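# Fold and geometry: a report
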Amino acid sequence: MATYTPSIPTPSPSIAPPPPSQTHAVAPMEDSLAQYEEQYEDYGQYEDQSYAGGLDTSMAGAEGNKGAVVHTTSLQELDDQISAMMRKSVDQFGAKCWECLNCGKTCVGKNDIARHVESTHIDSPGISCHLCGKISKTRNALRNHVYSVHNVKQAF
């Protein structure tokens, strides 16, 4: 008597492997990295030198970054000095704008150029927060502080 053995079909793969011409050979790691070796110059002539000076953290020379810095004390004086350092102008395309008289920067909005003048060209002792006493360099910085720390939206 013959025994019956059912044949089970083998599923064919849905994605065929790429033909041998499309396979990529992997280069050994040592050979592929050889082209990226770094070359360093000899800095041996600096080995015997030492830095005897300390780091100047006084920021005394930083005022040179600002051009003509104006010192101010009161908010009215601050407004007057900002106004004196900006003017209405026309840009190279004929559009109306505001110009900083100190550095020539132009902005479309008057408030934008006033913020620029205050933060760049005026040295203020700072404006204190009426809620916590923190000193901010500009009115815009104080406005951002009051809103972000105290969650109060106020006009300054």
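Refer to the structure presented above.
Only a predicted model underlies this, so the values are computations on that prediction, with no experimental measurement involved. (Residues numbered from 1 in each chain as written. Predicted model: local features only at pLDDT ≥ 70, side-chain atom pairs only at ≥ 80, totals over all residues. Heavy atoms only, no water.)

## A word on the sheet that holds strand β2 (residues 86-90)
What the 3 strands build is an open sheet, ordered β2-β3-β4; its pairing is antiparallel. In this open sheet, the two edge strands, each paired with only one partner strand, are β2 and β4 (106-107). Summarising the sheet, strand β3 (residues 96-100) and β4 pair through 2 bridges and their orientation is antiparallel. From the neighbouring strand, Trp-98 faces β4, where its bridge partner is Cys-107. (Pairing = 2+ DSSP bridges. Helix = DSSP H or I, 4+ residues; strand = E, 2+ residues; numbered from the N terminus.)

## Regarding helix α4 (residues 139-150)
Taking 1.5 Å as the rise per residue, α4 with 12 residues should run 16 Å; its terminal C-alpha atoms sit 16 Å apart, in good agreement. Among the residues of α4, those classed as buried are Arg-139, Leu-142, His-145 and Val-146. Projected down its long axis, α4 shows its buried positions confined to an angular sector of 115°, all on one face. Looking at the packing, one finds that the buried side of α4 touches α2 (75-84), α3 (110-121), β6 (127-128) and β7 (135-136). Downstream of α4 by a residue or two, Asn-151 has a phi angle that is positive, lying close to 55°. (Expected span 1.5 Å × (residues − 1). Buried < 20%, exposed > 50% of the residue type's maximum accessible area, 1.4 Å probe, protein only. Arc of directions from axis to C-beta. Contact = heavy atoms within 4.5 Å.)

## Notes on the environment of Val-90
Inspection of the secondary structure assignment puts Val-90 in strand β2. With relative accessibility at 53%, the residue Val-90 sits in the exposed group. Through-space distance from the C-alpha of Val-90 to that of Thr-106 is 9.0 Å; in sequence the pair is 16 residues apart. For Val-90, the residues in contact, after removing those within four places along its chain, are Ala-95 and Cys-97.

## Quick look at the nonpolar core
Judged by nonpolar contacts, Leu-78, Ile-82, Met-85, Met-86, Trp-98, Cys-100, Cys-107, Ile-113, Ala-114, Val-117 and Ile-122 together constitute the single largest core of 11 residues. Of all the secondary structure elements, the ones that give two or more residues to this core are α2, β3 and α3. With 3 residues, α3 is the largest single contributor of residues to this core. When neighbours within four sequence positions are excluded, Ala-114 is seen to be in contact with Ile-82 and Met-86. (Core = buried A, V, L, I, M, F, W, Y, C linked by side-chain atoms within 4.5 Å.)

## Some words on the layout of surface pockets
The calculated volume of the largest pocket comes to roughly 250 Å³. Surrounding the largest pocket, 13 residues form its lining, Asp-79, Ile-82, Asn-111, Ala-114 and Arg-139 being those nearest its centre. Listing elements by their share of the lining of the largest pocket, those giving two or more residues are α2, α3 and α4. Residue contributions to the lining of the largest pocket peak at 5 residues, all from α3. Its residues assigned to classes, the lining of the largest pocket shows 4 nonpolar, 3 polar and 6 charged. (1 Å grid on protein atoms, 1.4 Å probe; cavity = no way out; pocket = protein on both sides within 12 Å on 5 of 7 lines; lining within 4 Å. Points joined across faces, edges and corners; volume = space filled by probe spheres on them. Nonpolar A, V, L, I, M, F, W, Y, C, P; charged D, E, K, R; others polar.)

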